[in-house]
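Coordinate inspection notes
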Amino acid sequence: MITEELTCVGPDKLRRPDGRPVEWIVADGPVAYPLALAAMKARAAAIATGEAAEAVWLVEHPPLYTAGTSAAAGDLLDPQRFPVYQAGRGGEYTYHGPGQRVAYLMLDLRARGRDVRCLVEGLEGWIVDTLGAFNIVGELRPGRIGVWVRTPGRPGGESKIAAVGVRVSKWVTTHGIALNVAPDLGHFDGIVPCGIADRGVTSFEALGQIVSMAEVDMALRAAFERRFGPAVAGSAEALATAA
């Protein structure tokens with residue numbers, strides 16, 4: 001099922017007309033953030049010149065904070081707690097760490113409609129569909145990119161379970177989504193996540209859904225293929241070596 005809570009993404013909007021599959025790559029251990037940035041940049045450059053296939057790269061990072069292009073200095077509350085990296089993507093501060101599934105997308109928008117707004121909505125819809133596989137109701141909020149769940153008793157009555165932040169260069173994307181499966185939510189206390197001070201964050205675990213990362217990965221892939229088209233297994237070693 002593809003969620004219909006979107007304004008510009010039809011069932012085929014973000015699929016390649018030629019049906020060429022995306023390489024689906026799962027890192028088998030923690031990935032250092034500088035390595036991830038370098039690998040994404042190298043792969044995106046190769047995609048732009050037609051030398052490589054598109055890729056989705058699923059990783060976990062050691063604990064760290066990243067700053068997007070709109071990050072406000074005052075939103076970094078504890079700069080000594082974890083390493084802080086300039087991400088080069090849109091958005092503000094976010095946290096990455098163990099128990100959070102980060103999906104980096106290197107997609108060629110020249111073959112997928114050349115519509116960045118629809119891409120972002122498509123990524124949000126992908127997350128909503130994935131959450132639905134675990135009976136978690138993800139919701140979207142106008143003016144607040146990302147995916148939210150209702151959490152009565154928490155500030156604002158809702159909490160963010162997934163962040164979205166992308167960069168597009170030469171119509172090829174980098175960065176992507178971060179989905180909270182079972183991270184230490186206390187690690188978010190060193191920042192104002194995504195610049196939103198009056199709402200909290202949550203996770204599968206905090207919502208009572210105890211699932212493995214492999215189970216989440218399976219749901220992510222199934223939901224991705226329904227929205228973006230086919231995927232085939234790729235090599236994490238080749239991606240990292242290219243960096």
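Reference entry: report on the structure contained in this document.

What counts, and at which threshold
Residues numbered from 1 in each chain as written. Predicted model: local features only at pLDDT ≥ 70, side-chain atom pairs only at ≥ 80, totals over all residues. Heavy atoms only, no water. Helix = DSSP H or I, 4+ residues; strand = E, 2+ residues; numbered from the N terminus. Buried < 20%, exposed > 50% of the residue type's maximum accessible area, 1.4 Å probe, protein only. Contact = heavy atoms within 4.5 Å. Areas by Shrake-Rupley, 256 points an atom, 1.4 Å probe, with all protein chains shown as cover. Lys, Arg positive; Asp, Glu negative; His and termini not counted. Charge placed at Lys NZ, Arg CZ, Asp CG, Glu CD. 1 Å grid on protein atoms, 1.4 Å probe; cavity = no way out; pocket = protein on both sides within 12 Å on 5 of 7 lines; lining within 4 Å. Points joined across faces, edges and corners; volume = space filled by probe spheres on them. Nonpolar A, V, L, I, M, F, W, Y, C, P; charged D, E, K, R; others polar.

Per the secondary structure count, the chain includes four helices and 12 strands. A burial count over the chain gives 53% of its 243 residues as buried. Of all intrachain contacts in the chain linking residues separated by at least 6 positions in sequence, the fraction that spans at least 24 positions is 72%. Per element, the accessible surface of the chain, about 10,400 Å² overall, is 53% carbon and sulfur. Side chains of the chain carry 24 positive and 27 negative charges; the gap between the two charge centres is 5 Å.

Scanning the entire structure with this criterion turns up two cavities of 30 Å³ or more. Space inside the largest cavity adds up to approximately 80 Å³. Sorting the residues of the lining of the largest cavity by element identifies β5 (93-96), β9 (158-169) and β10 (172-180) as the ones contributing at least two each. No other element matches β9, which puts four residues into the lining of the largest cavity. Taken together, the residues that form the lining of the largest cavity break down as nine nonpolar, three polar and one charged. There is about 50 Å³ of room inside the second largest cavity. Around the second largest cavity, the lining residues are W148, K160, P193, C194, I196, R199, G200 and V201. Class assignment of the residues belonging to the lining of the second largest cavity gives a composition of five nonpolar, one polar and two charged.

This brings us to the layout of surface pockets. Approximately 400 Å³ is the volume found for the largest pocket. What lines the largest pocket is a set of 27 residues, among which G90, G91, V164, G165 and C194 lie closest to the centre. Every element with two or more residues in the lining of the largest pocket is listed here: β5, β6 (100-106), β8 (144-150), β9 and β10. The leading source of residues in the lining of the largest pocket is β9, at five residues. Here the lining of the largest pocket is built from residues that sort into 14 nonpolar, nine polar and four charged. Taken together, 16 residues line the second largest pocket, and the ones lying closest to its centre are K41, A44, R167, S169 and T174. Looking at the lining of the second largest pocket, the elements that each hand over two or more residues are α1 (33-48), β9 and β10. Take the lining of the second largest pocket: its biggest share by element is six residues, from α1. Class assignment for the residues of the lining of the second largest pocket results in eight nonpolar, five polar and three charged.

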